[in-house]
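# Structural overview for review
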Amino acid sequence: MSRAIPRTYWVAGAAVLLALLFAAAATVAAANGGSAAAPAPAPRTPGLHSADAGFARDMAVHHQQAVEMSFIVRDRTQDEAVRTLAYDIANTQANQRGMMLGWLDLWGLPKVVADEPPMSWMGTSGGHDGHGGDGGQAGHGGQAGHGGEAGHGPAKPGALMPGMATKAELEQLGAASGRDAEVLFLQLMTDHHKGGVTMAEGCAQLCATPVERDLAQGMVDAQRSELTLMADMLKQRGATPRG
């Protein structure tokens, strides 16, 4: 008849098991550099005048005009290539605009700031809040000094931001038809994309929110590709980009 295992043996066995577990944990910790990984800090909310918020506000306005021009030319020509390009631009930029406005809502920030000049976030030199109201983050926006002076000139008279069309140009596009509408649309959208690429490059360098930087870089890549396409389409129509 078997004898009961003494309690001492159970205690000793448990101690050995715990020792093995601690040894395994120590081995894993050593393999990971000797310490457990610290939890990632919570992302800070962009401030009112940060590059993140300024880009979202300005590019939302910029995109809205591109969508408007695309809808105008769709009704002014039957050319499938131009209509397809216009549809792609309208669809893409309307979706991106929704994302940026959604971020502003998520951050609890207004979509319009009355005393904020367009694109001022690209040339901030201090005095504006960066993230979470932390004055130290204003320097992040301050890096935009070089970006604010290079890569884009002033907006033309009657246009809100560089690359944007004037009210008169939009009316001209709406009154044109056929080849004339196609050429004017391609020329206006070329200017529009050039201004948009400059703004997106600024955010890709200055914005602190990773997903927004990624979106901005995606805009740069896509719009550069479309600039090449539009130059070819203008050439096919015996025209060239303006300026």
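Scroll up for the structure.
Residues numbered from 1 in each chain as written. Predicted model: local features only at pLDDT ≥ 70, side-chain atom pairs only at ≥ 80, totals over all residues. Heavy atoms only, no water.

### Describing helix α3 (residues 80–107)
- Over its 28 residues, α3 extends 40 Å from the first C-alpha to the last, a length consistent with the 40 Å expected when each residue adds 1.5 Å.
- Those residues of α3 lying buried are Val82, Leu85, Ala86, Ile89, Ala90, Gln93, Gln96, Met100, Leu101, Trp103, Leu104 and Trp107.
- Close packing links the buried residues of α3 with α2 (51–74), α7 (178–206) and α8 (210–236).
- Gly108, located one to two residues past α3, shows a positive phi value of around 70°. (Helix = DSSP H or I, 4+ residues; strand = E, 2+ residues; numbered from the N terminus. Expected span 1.5 Å × (residues − 1). Buried < 20%, exposed > 50% of the residue type's maximum accessible area, 1.4 Å probe, protein only. Contact = heavy atoms within 4.5 Å.)

### Considering the packing of aromatic side chains
- Applying the stated rule across the entire model yields two aromatic pairs.
- Look at Phe55 and Trp121: their rings are 5.7 Å apart centre to centre, the planes differ by 80°, and that puts the pair in the edge-to-face class. Here the residue Phe55 occupies a position in helix α2, and Trp121 occupies one in the loop between α3 and α4 (138–142), the gap between them amounting to 66 residues. Trp121 carries the same exposure label as Phe55, and that label is buried.
- Ring centres of Trp103 and Trp107 lie 6.4 Å apart, and the angle between their planes is 20°; this geometry places the pair in the stacked category. Linking Trp103 with Trp107, this pair stays in helix α3, spanning four residues, or about one helical turn. Summarising the burial analysis for this pair, Trp103 and Trp107 share the class buried. (Phe/Tyr/Trp six-rings, centres within 6.5 Å; stacked < 30°, edge-to-face > 60°.)

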